[in-house]
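Working through the structure, step by step
Listed below are the residues making up each chain.
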Amino acid sequence: MVLCSYCQNLSFSDLVLTEEQFTAKAQTGEHLGYRHQPSFPALQESAKSCELCHMFAEALKADDHQEQELRDFVDSRDREHPINLTSGTIVWGNEPPRMAQITIEWDRHCTSSLGLFADPDSAAATSQDVIGRRIEDVCDSEVNVQRTLAWLDSCLSSHSECAIGSFPSSLNSWTQPLPTRLIKITSHGDELKVRLHETLRGSQGQYVALSHCWGLQQIITTTTSTYEDRKTDIPLSALSKTFQQSVMMTFRLGFKYVWIDSLCIIQDSGTDWEKEAAMMDLVYQNAVLTIAASAASDGQKGCFFSRTKQGPSPVEIQYHNSNGDNIGGVYIQGRVPTLDEELSRAPLNTRAWTLQERLLPKRILHCCASQLYWECHTCCFSESGVEFPPAYGLPRILESPKKNVEIITDFQSLHWRWMRLLDVYSQRALTKDFDKLPALSGLASEFAKRTGDQYLAGLWRQFLPVGLMWEVSNTANARKIPERAPSWSWASIEGRLGISQTPLRNIKQLAEVIDASITPLGLDTYGRVTTGEIRLRTKVVDGLYCGAERSPRWVAKPDLATGFYRLHVREDQKEVVGYFAPDDTTSPPHPRQTAMLIGELAEEVGKSIVDKFAVLYVEAVPGSTHTYRRVGTGIILSSTRCFEHAESRILSLI
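Described in the following lines is the structure provided in the data block. All of these numbers come straight from a predicted model, not from anything done at the bench.

All right, on to the pattern of salt bridges then. Using the criterion set out here, one finds 29 salt bridges in the structure. In this structure, aspartate 572 and arginine 570 form a salt bridge, with 3.2 Å as the shortest nitrogen-oxygen distance. If you follow the salt bridges from partner to partner, you end up with Asp433, Lys436, Arg479, Arg484 and Glu494 in one network.

Taken together, six strands build an open sheet; the order of strands is E2-E3-E5-E6-E15-E14 and the sheet is antiparallel. Taken across any chain shown, the strands that pair with only one partner, and hence form the sheet edges, are strand E2 (34-35) and strand E14 (315-317). As defined by bridge partners, strand E6 (residues 110-118) adjoins strand E15 (residues 330-333) across four bridges and the pair is classed as antiparallel. Pairing of glycine 115 across the sheet is with glutamine 333, part of E15. Against the sheet, helix H5 (residues 51-60) engages strand E3 (83-86), strand E5 (101-106), E6, E14 and E15, with an angle of about 130 degrees to E6.

On to the sheet that holds strand E12 (residues 257-259). Spatial ordering of the open sheet is given by E9-E8-E12-E11-E13-E16-E17-E18-E19, a layout of nine strands whose pairing is mixed. Of all strands in the sheet, those with a lone pairing partner are strand E9 (191-198) and strand E19 (387-388), marking the two edges. Strands in contact with helix H8 (residues 142-158) are strand E13 (289-292), strand E16 (363-367), strand E17 (372-376) and strand E18 (380-382); relative to E17, the strand with the most contacts, it is inclined by about 10 degrees.

Let's shift gears to the packing of aromatic side chains. What the rule picks out here adds up to 20 aromatic pairs. Ring centres 4.6 Å apart and planes at 35 degrees place the aromatic pair phenylalanine 447 and tryptophan 460 in the tilted group. Separated by 13 residues along the polypeptide, phenylalanine 447 in helix H17 (residues 441-451) and tryptophan 460 in strand E21 (residues 459-460) bring together distant segments of the chain. Its relative accessible area of 0% is what places phenylalanine 447 among the buried residues. Assessed through its relative accessible area of 3%, tryptophan 460 is described here as buried. Aromatic rings pair up to connect Trp418, Phe447, Tyr455, Trp460 and Tyr526 into one cluster. Note that arginine 134 overlies the ring of tyrosine 331, its terminal NZ or CZ placed 5.8 Å from the centroid. Stacked on the ring of tryptophan 470, the Lys or Arg arginine 630 has its end atom at 3.4 Å from the ring centre.

Right, let's get into H8. Relative to the 24 Å expected for 17 residues at 1.5 Å per residue, H8 spans 24 Å between its end C-alpha atoms, a close match to the ideal helical length. Residues of H8 that are buried: Asn144, Val145, Arg147, Thr148, Leu149, Trp151, Leu152, Cys155 and Leu156.

Counting 121 residues, the largest nonpolar core has Trp259, Trp418 and Trp490 as the members making the most contacts within it. Per-element accounting of this core gives the leading share, seven residues, to helix H16 (residues 414-426). Sequence-distant contacts of tryptophan 259, that is, excluding residues within four places in its chain, are made with Pro179, Arg181, Leu182, Tyr207, Val208, Ala209, Leu210, Cys264, Ile265, Met280, Val283 and Tyr284. The next biggest cluster of nonpolar side chains, apart from the first, holds 38 residues, and it includes Val16, Leu52, Cys53 and Leu85.

Here is what the cut-offs are and how they apply
- Residues numbered from 1 in each chain as written.
- Predicted model: local features only at pLDDT ≥ 70, side-chain atom pairs only at ≥ 80, totals over all residues.
- Heavy atoms only, no water.
- Salt bridge = Lys/Arg side-chain N within 4 Å of Asp/Glu carboxyl O.
- Pairing = 2+ DSSP bridges.
- Helix = DSSP H or I, 4+ residues; strand = E, 2+ residues; numbered from the N terminus.
- Contact = heavy atoms within 4.5 Å.
- Axes fitted to C-alpha atoms, helices over the stretch in contact; angles between N-to-C directions.
- Phe/Tyr/Trp six-rings, centres within 6.5 Å; stacked < 30°, edge-to-face > 60°.
- Buried < 20%, exposed > 50% of the residue type's maximum accessible area, 1.4 Å probe, protein only.
- Lys NZ or Arg CZ within 6 Å of the ring centre and 35° of its normal.
- Expected span 1.5 Å × (residues − 1).
- Core = buried A, V, L, I, M, F, W, Y, C linked by side-chain atoms within 4.5 Å.

In structure tokens, the structure reads:
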């Protein structure tokens, strides 16, 4: 291995940034950390022969945007700024550094990171100077089994935020109510046997749950005709690779039960499916652990992927003991993806059902393409030792609500988090259109327990009428599915959603909600619905002329949809009185639109303040009086005084 002089002299202690060093260098304006190559061009030149320099240069060019910045800087007068290496964090007091990665910086403009790990028995590891570990060559290695058990035991014994039932607990004592059915795993010599097991009502124990993609290929299921056979035996060979590996991992972790949806729910029984789907929140919350087959697009891919070596091999750097002797054992490895990066491209996270399977469990083992990740409600660890925040990249809607929070004006209220979550959910795919509400029912049930609010086909009673102002997001193609939900519910739309938080949190509500109700299709009050009605005391203006062409820009509300249309009082009038964004973008809008007043707000546009009415666009239901269906959303400029002479009356939205 050939290293340049800068890399040969690099020592772990050069990367550690103490409180004293930070204070001193902040006063002088010096760069922090270890001074490496004098410029990026010098780093590129050295990378031709030095393995570590090559690793640094490739890390800085990790994404296209940063690579363009690098090219711009190399061609500018700033090209002589040096490369600096640091831990990226400050060590306070006598605490150990606990490093798992290093930061590479060039002129503070371009930064990246690489993994840092220590041999498990090295002085760097035992002292917790380095908590990073080498990513295993085999995903389901015994090292990773023991690592998972250590994560699990630590969570049960010390994480109060993850507690359900008694706390503190342990692997030996933790127990929770069991689902209706589980897959029971028994050992017969070197062979595992599995069968469907019916639990006794009220029984408790430990079980693992599986979150997976069904995919396009047929997987094994339980039906009314196979139910009795499943209780006797399920051949391992009949299980998909994902199911087989989840069974094996469950057994190796010391548990004898695993919950798999396709086997534990009778798939051709509407009654059983509805009953079990309504308890999905408890199934995932009560599991001691959920195994997420994140990288698998179907059952044939498996939970645990083989890891082919990619990129450069790890490079050992100097690590000195208290006597100043270099004892080694510390390595720099390739860039380690964040959990957010892994999950953003994971097939599992493209599916609608799996969103609640991510947020409901207390503990998840994410089986990703590059490594394993542990996530609980308290912390998140990677196999490589890097720590992340819990529920990384998602609104935390299952926290206990804070006292004295105004749910409309406070962005961090649970209700606003729910609305933000809908943007994520609406981008996920469903195999069956009618699963739009059922696939979120577990989360809705838990949200209702925490807030005491009434659920209305995807919206919340306390958040009305603001919650009605959901919209089709930028450039989205959306189609209406009227059989799925009432017109006022976002669940009636197939397409990406959005909501304009900034103006709406300061809305002056002008529509009064008189009553709101839905009729569930079956037993699950958070699942499919047959009808829904919201009665409002408000004003309606009809006969507004809608132009046939979409406006090239959004004048007074740039974050609505790009698919909006200008509105005029008359067809021959040029003055724009408002804008209309249709819920269904698959067909041209009706030339006449009716606006239902929801509220008034003021928004800063450039250097001006624009007052406007927030409205729903509706159509009258034939044969009914004062009953409407929603067709879109938008604004009416307050200066037009459109609602001035309209009579306030009680109206129904269905």
